[in-house]
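Coordinate inspection notes
One letter stands for each residue in the lines below.
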Amino acid sequence: MRIEIDSERCIGSGQCAMTVPEVFDQDDLAGKVVLLDDRPDAAFDDPVHEAASRCPVGAIRAY
Amino acid sequence: MTTEPLPTARPTPFDPPVELAEYREHDPIRRMVYPDGHVGWLVTSHSLARKMLSDQRFSARSEFKRAPVARPSADPFFGAPALPGWLVDMDAPEHTRLRLQLAGKFTARRMKDMRPLLERIVDDQLTAMAEHGKPADLVSLFALPVPSLAICELLGVPYRDRAAFQRNSATLFSLEASAEEASRAMDELYGLMRELAKERDGNSAGLLSMLAADGTLDAEEIAGIGVLLLTAGHESTAGSLGLSTFTLLSHPDHLERLRSDPGLIDNAVEELLRYLTIFHFGVPRTPLQDVEFEGHLLRAGESITISLPAANRDPSWFADPDRLDFERKTAGHMAFGYGIHQCLGQNLVRMEMRVALPAIFRRFPGLALAVPPEEVPLKTNVSVYGVHELMVTW
C-alpha cells in the first residue's frame, strides 16, 4: 500500500495520528500530518484506510 | 408538500425524531421552515451532509446563522459578526489562521498525554460522589465538574481561580440562571481569560499562555478562544458523559459486554457518540451566492440545517443504524461534524469518555438509576442534548 497526504488541505484534526500512530504523526506547530511511513506493512492496510475515512478534509489517499 | 419545521419530538431518550428517517429516505435535502418564518433547507443523509460540510461555498459565518428551533434563550451570537477568536463563526482564510494555531496544541499525542491527569480528575470526582452518599446526581457531581476541571488544566487556569471559573461556567449553563446572571458570568469568564492571555512568561504549560508566548494572536483573540473552548467543550462533554451513563444503565447487556471486554471501550465510545449525537439540532450553513446543489437551487442567504443525528443513523453508511452495537465499524460518524470546522477538541472528549465511563462502573459496580427511567429529565429544548440530572444509587 502507498499513502499520499495533502498538507495544504490538512487542518490538523489528528484523526489519523489517533487511529494509526505508527504511520501518522503531527507537527507541533500547526498540528499538520507528518507521514512516518509512506509504504507501511500490509498489517496496517485496514487501520490506514480507516484513518483516511476519518479525515474530515480528505487529506489522505491510500491505495 | 407542506413545509415543516425541524422535528424535535423523540420516540425514546436515545433515538432521534422518527420524521428524520422519513425525510432522509424520500428527500434528503428538503425545505424547512425556521421559527422566524424563514424558509430554508434541511439536509438529512450522510452523503449530502458530508458533501455540504466540505464545500466552502457554504459559509459558517455567524451573521448569517439563524436558530433552527425556538429556544428560551436564543444564541446571542447568531446574526452578529464573529467575536475575536471565535473560529466556529468564520470562513477561510480567517478560520484557517486560528485553526492551525490551535491544532498544534491539540495534537493526538498531547491529548493522549493528558490521560494520567484525566484519571486523577475522574478519580477525585468519583470519591466526592461516594462521600456525598446515595442517591446522588451524577450530572452535578461528576459529568459537569470532570470536563470543567479538564478545561482548567488545558487552558492553564491557576488553582486560585478555579472556584470562580467553575462557579461562572455552572451559571452559564444553568437553566435557572437569569439572562443578567448569565451575562455577568460571561463577563467574569472573559475577565479571567484576558488575565491568562497576558501571561507570556512561559512558566505555565497552559494553552492560553502558550498562545500568548507564540505572539501570533492578540490578547482579545486568545481570550475569545478561551471562552469559546469552554462553552463548546464543557456542556457537550458533560452531556455525553451523563447521557452515555444513562444509556449503559438502560442497556445492561451492552454494559456487561463492556465489563467482560474492557478493550472494547475505544470503539464503544465511538458508537455512543454516533448513536447519541448530542448536537441534535445539527449545524448551520449559508450559501453566500446562489448554489446548484443536488438538483436544487440554494439561494444566497438561505439558512441550511445539516442534521447530524440523521446522518449518523443513515443505513447507507451504517448497517442497522438504530441498533447500539459496540462492535460495529464506526469510522465516518459525524458526531463531531465534518470538514474544516470538525470539532477541535474531539480527541480530548474521546480521552475523557474512555477514562470516565469504565471508572464509574469500576468504582460503583452496582450503579443503578434511583428513579424510573421515564423520570430522568431530558435536555430536549437546548442545542446540546443530554440529561439535566441523573439520580443514581449503588
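Above: the structure in question.
Residues numbered from 1 in each chain as written. Chains lettered and ligands numbered in written order. Predicted model: local features only at pLDDT ≥ 70, side-chain atom pairs only at ≥ 80, totals over all residues. Heavy atoms only, no water.

Time to look at the overall build of chain A. Scanning chain A from terminus to terminus reveals 2 helices and 4 strands. Listed by position from the N terminus, the elements making up chain A come as β-α-β-β-α-β. Its C-alpha atoms give chain A a radius of gyration of 10 Å, near enough to 11 Å, the size a compact globule of 63 residues would have. Seen along its three principal axes, the alpha-carbon backbone of chain A occupies a region of about 30 × 20 × 15 Å. The buried share of chain A, taken over its 63 residues, is 46%. Taking the contacts inside chain A whose residues are at least 6 apart along the sequence as the reference set, 58% of them involve residues at least 24 apart. Just so you have it, chain A exposes about 3,000 Å², and 47% of that area is on carbon and sulfur atoms. Mean positive and mean negative side-chain charge positions of chain A (6 and 13 charges, respectively) differ by 7 Å. (Helix = DSSP H or I, 4+ residues; strand = E, 2+ residues; numbered from the N terminus. Rg over C-alpha atoms; globule rule 2.2 N^0.38 Å. Buried < 20%, exposed > 50% of the residue type's maximum accessible area, 1.4 Å probe, protein only. Contact = heavy atoms within 4.5 Å. Areas by Shrake-Rupley, 256 points an atom, 1.4 Å probe, with all protein chains shown as cover. Lys, Arg positive; Asp, Glu negative; His and termini not counted. Charge placed at Lys NZ, Arg CZ, Asp CG, Glu CD.)

Using the criterion set out here, one finds 34 salt bridges over all chains in the structure. Between B:Glu302 and B:Arg31 there is a salt bridge, and its shortest N-O distance comes to 3.1 Å. With B:Glu302 in the loop between β7 (296–298) and β8 (304–306) and B:Arg31 in strand β1 (residues 29–33), the pair connects residues that are 271 residues apart, well separated along the chain. Residues joined by salt bridges that share partners form a network here, namely A:Glu50, A:Arg54, B:Glu270 and B:Arg350. (Salt bridge = Lys/Arg side-chain N within 4 Å of Asp/Glu carboxyl O.)

Our next topic: the layout of surface pockets. Summary: where empty space remains is shown by rolling a probe the size of a single water molecule over the atoms. In this structure, the second largest pocket encloses a volume near 520 Å³. Residue lining of the second largest pocket: 22 residues in total, with A:Thr19, A:Glu50, A:Arg54, B:Asn267 and B:Thr330 positioned closest to the centre. Taken together, the elements giving at least two residues each to the lining of the second largest pocket come down to α1 (15–19) and α2 (45–54) of chain A together with α13 (265–276) and α15 (346–363) of chain B. Of the residues contributing to the lining of the second largest pocket, the split by class is 6 nonpolar, 7 polar and 9 charged. (1 Å grid on protein atoms, 1.4 Å probe; cavity = no way out; pocket = protein on both sides within 12 Å on 5 of 7 lines; lining within 4 Å. Points joined across faces, edges and corners; volume = space filled by probe spheres on them. Nonpolar A, V, L, I, M, F, W, Y, C, P; charged D, E, K, R; others polar.)

A separate point is empty space enclosed by the protein. Residue and element names in this part refer to chain A. This model, assessed by the stated rule, comprises 4 cavities of 30 Å³ or more. Each pocket or cavity is described by its volume, and for the largest cavity that value is around 110 Å³. Around the largest cavity sit 16 residues that line it, and Cys10, Ser13, Cys16, Val33 and Cys55 are the ones nearest its centre. Residue composition of the lining of the largest cavity, by class: 9 nonpolar, 6 polar and 1 charged.

Attention now moves to the interface of chain A and chain B. Each side of the interface is counted separately: chain A has 23 residues, and chain B has 24 residues. For the pairing of chain A and chain B, the buried interface totals around 1,900 Å² over both sides, and the portion due to carbon and sulfur atoms is 47%. When the buried surface of chain A facing chain B is broken down by residue, A:Ile11, A:Met18 and A:Arg54 rank first, second and third, together holding 35% of it. Joining chain A to chain B, the criterion identifies 3 salt bridges. As a salt-bridge pair, B:Arg109 and A:Asp28 come within 3.7 Å of each other at their nearest N and O atoms. Where chain A meets chain B, there are 8 residue pairs in polar contact (both at pLDDT 80 or more). Of all the secondary structure elements, the ones that give two or more residues to the side of chain A that touches chain B are α1, β2 (24–26) and α2 of chain A. (Buried area = accessible area lost by both parts, 1.4 Å probe. Polar contact = N/O pair within 3.5 Å; in protein donor to acceptor, adjacent residues only side chain to side chain.)

With that out of the way, let us pick up the environment of B:Leu378. Residues and elements named next belong to chain B. You can see Leu378 is positioned in the loop between β9 (368–369) and β10 (391–393). The spatial distance from the C-alpha of Leu378 to the C-alpha of Pro13 is 7.3 Å, given a sequence separation of 365 residues. Once you skip the residues sitting within four places of it in the chain, Leu378 turns out to touch Pro13, Phe246, Tyr385, Gly386, Val387 and His388.

Attention now goes to the environment of B:Pro11. All names here are of chain B. Relative to the helices and strands, Pro11 resides in the segment before α1 (18–26). The class for Pro11 is partly exposed, based on a relative accessible area of 48%. The residues touching Pro11, leaving out its near neighbours within four places in the chain, are Pro16, Pro17 and Val18.

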